[in-house]
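So you can see what is in the structure, the chains are spelled out below.
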Amino acid sequence: LFFHLAASILLIGFADLAAGSNCGCTPCGPGGVACKGCPEKQKLCQELISQVRNLQVRIRQCVCGEPSWML
């Protein structure tokens, strides 16, 4: 649940940045077509969730000192 929530917050934040732009660009990203150079929504979501999970493992191991067998 944490991973999905974190990924959703990131995606919503980036969508807000694109929508508020006055550069004449059309909004892209969540709910629309993928932005130039970005993977499609499903693949991007999977990649971001994977990155968040990997970061959580690194934090638990390197910051909190949890042994590998506890993860």
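You'll find the structure just up there.
Residues numbered from 1 in each chain as written. Predicted model: local features only at pLDDT ≥ 70, side-chain atom pairs only at ≥ 80, totals over all residues. Heavy atoms only, no water.

Engineer: Which residues make up the overall build of the chain, and what values do they have?
Structural biologist: Each helix and strand in the chain was counted, giving 2 helices and 0 strands. For the chain, the proportion of its 71 residues judged to be buried stands at 11%. On the chain, roughly 5,700 Å² of surface is accessible, and the fraction owed to carbon and sulfur atoms is 63%. (Helix = DSSP H or I, 4+ residues; strand = E, 2+ residues; numbered from the N terminus. Buried < 20%, exposed > 50% of the residue type's maximum accessible area, 1.4 Å probe, protein only. Areas by Shrake-Rupley, 256 points an atom, 1.4 Å probe, with all protein chains shown as cover.)

Engineer: Outline a nonpolar patch on the surface, supporting the account with residue identities and numerical values.
Structural biologist: On the surface, a nonpolar cluster with roughly 290 Å² of combined accessible area is contributed by L55, I59 and V63. Along the chain, V63 falls in helix 2 (residues 41-63). The class for V63 is exposed, based on a relative accessible area of 66%. (Patch = residues over 30% accessible without salt bridge, like charges linked within 9 Å, V, L, I, M, F, W, Y side chains within 5 Å. Salt bridge = Lys/Arg side-chain N within 4 Å of Asp/Glu carboxyl O.)

Engineer: Please set out helix 2 residue by residue, giving values where relevant.
Structural biologist: For helix 2, which comprises 23 residues, the first-to-last C-alpha distance of 32 Å matches the rise-based estimate of 33 Å (1.5 Å per residue) to within 8%. Within the sequence span of helix 2, burial applies to L48, I49 and V52. The positive-phi residue at the C-terminal boundary of helix 2 is G65, with phi of around 75 degrees. (Expected span 1.5 Å × (residues − 1).)

Engineer: Give me the lowdown on the pattern of salt bridges, citing residues and values where you can.
Structural biologist: Counted by the stated rule, this structure contains 1 salt bridge. Between E66 and R60 there is a salt bridge, with the nearest N and O atoms lying 3.0 Å from each other. Of the residues examined, R60 reaches a relative accessible area of 24% and is grouped as partly exposed.

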